[in-house]
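The primary structure of each chain is shown beneath.
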Amino acid sequence: MSPGRPAAMPEGDYTPPQRLFLEDGQCRVRFFSEQDLDEVVDYDFATFPVARPLQEAFARAFDAHVGPAGKVNASGAAHNAFRQLGYFIDVLLSDEERPQVPKDLAPRHLKAFLLKRGDAPTAAMAVGLLRSLLANVEGLTPQFAAQCAQWVPDRREKIVSRGSYSPAEEKAILEAARKVVRAAAKRIRESREVLERWREGGISREDEPVLYEYGSILDVVETTGEMPRNNWGALAPWIVPHGTVTDLTTRLHLSLAETCALVILLVRLTGENGSTIIKAPAAFHRPDGGAGPLATVQVDLSKPRRGPRRYMTVALSDLPSWAAAPEEEGELSARDELHTPFGLYMLGLELTASSRRIKGSDRLLVYWVPKAGKGPKAKRADVVKRRNECGRGFRDRLSDSAVGVWGASLNLVAEEPDEDGNPQRLIVGVGRMRITHGAREQKPVAQTRETLANIYLRRDKSSLREYQKLVADVLEKEVTKARTAGRITRLSTADVAEALRDPETAAKRLGVTTEMMRLLVARDADTVLAACADNENSPHSPPGEPCRASFLKCLECPCARAMPHHLPLQVVARDMIDERRTHMTALRWAERFALPFEELEDLIRLAGKRAEDRARAAAGEEERELVRRLLDGELDER
C-alpha cells in the first residue's frame, strides 16, 4: 500500500479560511469537517435569545471546540455540541436573573442543566460534553471554570447497551441482507448482459424493436445515470412502457436499501465500524497478484476517533467458520460469494463501477436515490457545502439512520419480548452488528483486547449469560484435564542434595539415567518453568525427534521435572497469567491459560506459602522478562 504523502507546511501565500463571523451584526461559526472535506456548516449564534456578549462568547468557545485545534472534527459531533449548547441556553432563559455576560454563569446553571436531562442514560455524557465546550469561554468566574474542569465519573457505565444479536436474530438479519444483495447482483448482471449485446449489435431494431429500445435506455442509464429525453428536456414518451425512472435506473445501479444490506454484511464479516465501512475506498491492493492460494485484498480504512492512528490497512480474505453457505443455495462462485470479506468487497466493487464513474467518487459504496432532501440539520444551522447534492441522483455516503430504516422495513421480530411480554420489532443497526462480531469471534478489530473485553463484551447484556456459561464450561474442561493428567514429577531440595552426593542412586530412584541426573542438577536441561528429562521422546512430537511444543506444555508433560530453582519462575508465571485476565476476553484466557494456571497453582501449593513468598522476592527483572516472552509466544518455535 502507499505510505502516503510526507507532511508539509502550507505554501507561503496560504490564508486559512474564515471561521468566525462577528461583523455587521453577524455571530456565526463555520465548521469544516476533517472527516469529509465536502462538508461545511454555518452555526448561527445570533438567533439565540441571549445578550450579545454571551452570543459572542459562546461563538468563540464553539469555534475553539470544533476548530483545527479543538476536540471535534466530525459533523455529527459538531451538531451534537451545538444542540447541547442550545439546551443549556434554554436553562439560562428560565433563570430569574438571566446572565448577561460570561461572569454571570454559575455552577447552579450546570446543575439545572443536568436536572433537566432527567434520568436519561446519556445525561452525564451530555454534561461532560457541555463542560468541555464551556471551558473555552473567556471571562468565566473561577468557580464556574473549576466546575467545567471537573471529570464526570462513570459517564458510560449508565448507558444500557442493546448488546449483541442472538444467533437466531443474527441469522435472520444476515439471510435477509444476503437475499437483497444477491437479487441486486442478479438484476444488474442480467441488465449488463443485455446492454453488452445491444452495444455489440446483437439486438436488431427490426427483429426485436422493444428489446432494442430497452437496450438504448440501458446505454444512457449506464453512461450518464439519466433517462433519454426529447428536445425540450422532458422524458421521451416511448420510455413509459419500459418502466418508471426508478425501475430503469436501478437496473444498473444499487439502491439505498441494497447498499444498507451490503454495509450490514461487511460490518459482520470484518468487525469494522459502520462509518468506516461506509467510507471504504474503492482502491485496493492484491498482495497475491490475483494468483495466490487464498484470495486477498488490502484496503486502507480510516477510523477518525483513533486520532493520529486513524489510518489502517486491512486484509480482507479469511472465511469465518460460522459463514458456511447454506446447502439449498447450491455452489457459489468466488465472484458471487457473500460469505467472505474478499468476496463481498469485490462484489460491491463490481456492482458500483458505473455509479462510481458517473458520481466521480473514489469510494466503494455508491448508490442511486429517486429523491432526497437536505437531511437532518442542527437547530439554527445552515449547510454551506455538502458532499452530496439534494434531490435525485447518486450518493456515496449513507446517513446515520439509513441502515436502521432499512432494517425496520424487514419487519423482523426480536427474540426477547418487551416488558409486557409482547413481541417487539428487532432493531437492526451497524453498532449492534459490530458488537455481535466481537461476541462471536472474540477477536479485537481496530481496538485493543482490553477494550474489547472490558467495554464491549462486558456491557453486552444480551449474550452475557450464554458467554459466562461458555467460559465456565471451558474452565471446567481445562481444570478436569489438569486433574486427570496429574502433576509433573517434582524434585525436592533433599532430592537435589542426594543427587549431588550420589547421582546413581538418586537417578535410579527418580527414573532417569545418571547422565540425565547430572544435567538436571547442573541446570543444563532447563526449559523455562521446568527441566526436560527426555527431549526426544515427547508426547507432543514424533518419537526420536526433538520436542517442538511450547514450553508451557512442559507443565503437563511426563518428561518434565520441576526443581526448587524453578519456583521463582513458576510464581512469576502464575502471577502474570493471572494479571492477563484483565487484558483478554474471559474465553480467550480460559482457552489459552486456564490449564497452565491450574498446573502452576498445584506446584506452588505443594511448595508451601513460605517458599512461594521467598521465590517471589527472589525473582528479578530477568525472570519477569523471560516469562513475558514465554507468554507472548516469543520462545515458541516458528
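You'll find the structure just up there.
Notes on the structure follow. (Residues numbered from 1 in each chain as written. Predicted model: local features only at pLDDT ≥ 70, side-chain atom pairs only at ≥ 80, totals over all residues. Heavy atoms only, no water.)

Topic: the overall build of the chain
Part 1 of the reasoning: Summing up its helical and strand segments, the chain has 23 helices and eleven strands in all.
Part 2 of the reasoning: In the chain, buried positions account for 45% of the 638 residues.
Part 3 of the reasoning: Partitioning the intrachain contacts of the chain with sequence separation of at least 6 by distance along the chain shows that 64% fall at a separation of at least 24.
Part 4 of the reasoning: When the accessible surface of the chain is summed, it comes to about 34,000 Å², and 52% of that surface belongs to carbon and sulfur atoms. (Helix = DSSP H or I, 4+ residues; strand = E, 2+ residues; numbered from the N terminus. Buried < 20%, exposed > 50% of the residue type's maximum accessible area, 1.4 Å probe, protein only. Contact = heavy atoms within 4.5 Å. Areas by Shrake-Rupley, 256 points an atom, 1.4 Å probe, with all protein chains shown as cover.)

Some thoughts on the packing of aromatic side chains
Part 1 of the reasoning: In the structure shown here, the tally under the stated rule is nine aromatic pairs.
Part 2 of the reasoning: Between Phe48 and Phe82, the aromatic rings sit 5.4 Å apart at their centres with planes inclined by 40°, giving tilted as the arrangement. Taken as a pair, Phe48 in the loop between strand 3 (40-44) and helix 1 (52-66) and Phe82 in helix 2 (residues 75-93) lie far apart in primary sequence, 34 residues in all.
Part 3 of the reasoning: We classify Phe82 as buried; its relative accessible area is 1%.
Part 4 of the reasoning: Ring plane angle 50° and centroid distance 5.7 Å describe the contact between Trp198 and Tyr212, whose orientation is recorded as tilted. Residue Trp198 is found in helix 6 (residues 167-199), and its partner Tyr212 is found in helix 7 (residues 209-224); the two are separated by 14 residues along the sequence. (Phe/Tyr/Trp six-rings, centres within 6.5 Å; stacked < 30°, edge-to-face > 60°.)

Digging into the sheet that holds strand 10 (residues 531-532)
Part 1 of the reasoning: Spatially, the three strands line up as an open sheet ordered 9-11-10, and their pairing is mixed. At either end of the open sheet lies a strand with only one pairing partner, and these are strand 9 (489-490) and strand 10.
Part 2 of the reasoning: Strand direction decides the pairing type here: strand 9 and strand 11 (residues 560-562), joined by two bridges, are parallel. Of the residues in strand 11, the one forming a bridge with Thr489 is Arg561. (Pairing = 2+ DSSP bridges.)

Here we look at the pairing of strand 2 (residues 28-32)
Part 1 of the reasoning: As paired strands, strand 1 (residues 20-21) and strand 2 are joined by two bridges and run antiparallel to one another. Residue pairing across strands places Phe21 opposite Arg28, the latter belonging to strand 2.
Part 2 of the reasoning: Joining the antiparallel neighbours strand 1 and strand 2 is a turn of six residues, in which Asp24 adopts a positive phi near 55°.
Part 3 of the reasoning: Inspection of the sheet shows strand 2 paired to strand 3 by five bridges, in the antiparallel sense. Among the inter-strand pairings, Phe32 is bridged to a residue of strand 3, identified as Val40.

Considering helix 1
Part 1 of the reasoning: The end-to-end C-alpha distance of helix 1 is 21 Å, a good match for the 21 Å that 15 residues give at a rise of 1.5 Å each.
Part 2 of the reasoning: Restricting attention to buried positions, one finds in helix 1 the residues Leu54, Gln55, Ala57, Phe58, Ala59, Ala61, Phe62, Asp63, His65 and Val66.
Part 3 of the reasoning: Lining the buried residues of helix 1 we find strand 1, strand 2, strand 3, helix 2 and helix 4 (123-134). (Expected span 1.5 Å × (residues − 1).)

Quick notes on helix 13 (residues 402-409)
Part 1 of the reasoning: The complete set of buried residues in helix 13 reads Ala402, Val403, Trp406 and Gly407. For helix 13, the angular spread of buried residues about the axis comes to 135°, placing them on one side.
Part 2 of the reasoning: Note on helix 13: the residue one or two positions beyond its end, Asn411, has a positive phi of about 55°. (Arc of directions from axis to C-beta.)

Brief notes about the nonpolar core
Part 1 of the reasoning: Ile173, Val263, Ile264, Leu398 and Trp406 are the most contacted members of the largest nonpolar core, which totals 47 residues.
Part 2 of the reasoning: Those elements giving two or more residues to this core turn out to be helix 6, helix 9 (256-270), helix 10 (274-278), strand 4 (297-302), strand 5 (311-316), helix 11 (341-351), strand 6 (367-369) and helix 13.
Part 3 of the reasoning: Setting aside anything within four residues of it in sequence, one finds Trp406 in contact with Ala177, Val180, Ala257, Cys260, Ala261, Ile264 and Val428. (Core = buried A, V, L, I, M, F, W, Y, C linked by side-chain atoms within 4.5 Å.)

Let's talk about the pattern of salt bridges
It is possible for side chains bearing opposite charge to pair when their charged atoms get close.
Part 1 of the reasoning: The final tally for this structure, using the stated rule, is 29 salt bridges.
Part 2 of the reasoning: In this structure, Arg548 engages Glu545 in a salt bridge whose closest nitrogen and oxygen atoms are separated by 3.7 Å.
Part 3 of the reasoning: In this structure Arg548 comes out as partly exposed when scored by relative accessible area, which is 46%.
Part 4 of the reasoning: The partner of Arg616 in a salt bridge is Glu612, and the shortest N-O contact between them spans 3.0 Å. Remark: Glu612 and Arg616 occur in helix 22 (residues 609-618); sequence separation between them is four residues, near one turn of the helix.
Part 5 of the reasoning: Linked by salt bridges that have partners in common, Arg574, Asp575, Glu601, Lys609, Glu612, Asp613 and Arg616 make up one network. (Salt bridge = Lys/Arg side-chain N within 4 Å of Asp/Glu carboxyl O.)

Overview of the packing of helix 6 against helix 7
Part 1 of the reasoning: The geometry of helix 6 relative to helix 7 is characterised by a closest axis approach of 9 Å and an angle of 105° between their N-to-C directions. In terms of their interaxial angle, helix 6 and helix 7 are classed as roughly perpendicular. Of the residues in helix 7, those touching helix 6 at Ser191, Val194, Leu195, Arg197, Trp198 and Arg199 are Leu211, Tyr212, Tyr214, Gly215, Ser216, Leu218, Asp219, Glu222 and Thr223.
Part 2 of the reasoning: In terms of residue class, the contact of helix 6 with helix 7 is built from seven nonpolar, four polar and four charged. (Axes fitted to C-alpha atoms, helices over the stretch in contact; angles between N-to-C directions. Parallel < 35°, antiparallel > 145°, perpendicular 65-115°, else oblique. Nonpolar A, V, L, I, M, F, W, Y, C, P; charged D, E, K, R; others polar.)

With respect to the environment of Arg229
Part 1 of the reasoning: Note on placement: Arg229 falls in the loop between helix 7 and helix 8 (245-249).
Part 2 of the reasoning: Classification of Arg229 by relative accessible area gives partly exposed; the value is 38%.
Part 3 of the reasoning: Ignoring anything within four residues of it in the chain, the contact list for Arg229 reads Ala234, Leu235, Ala236 and Arg392.

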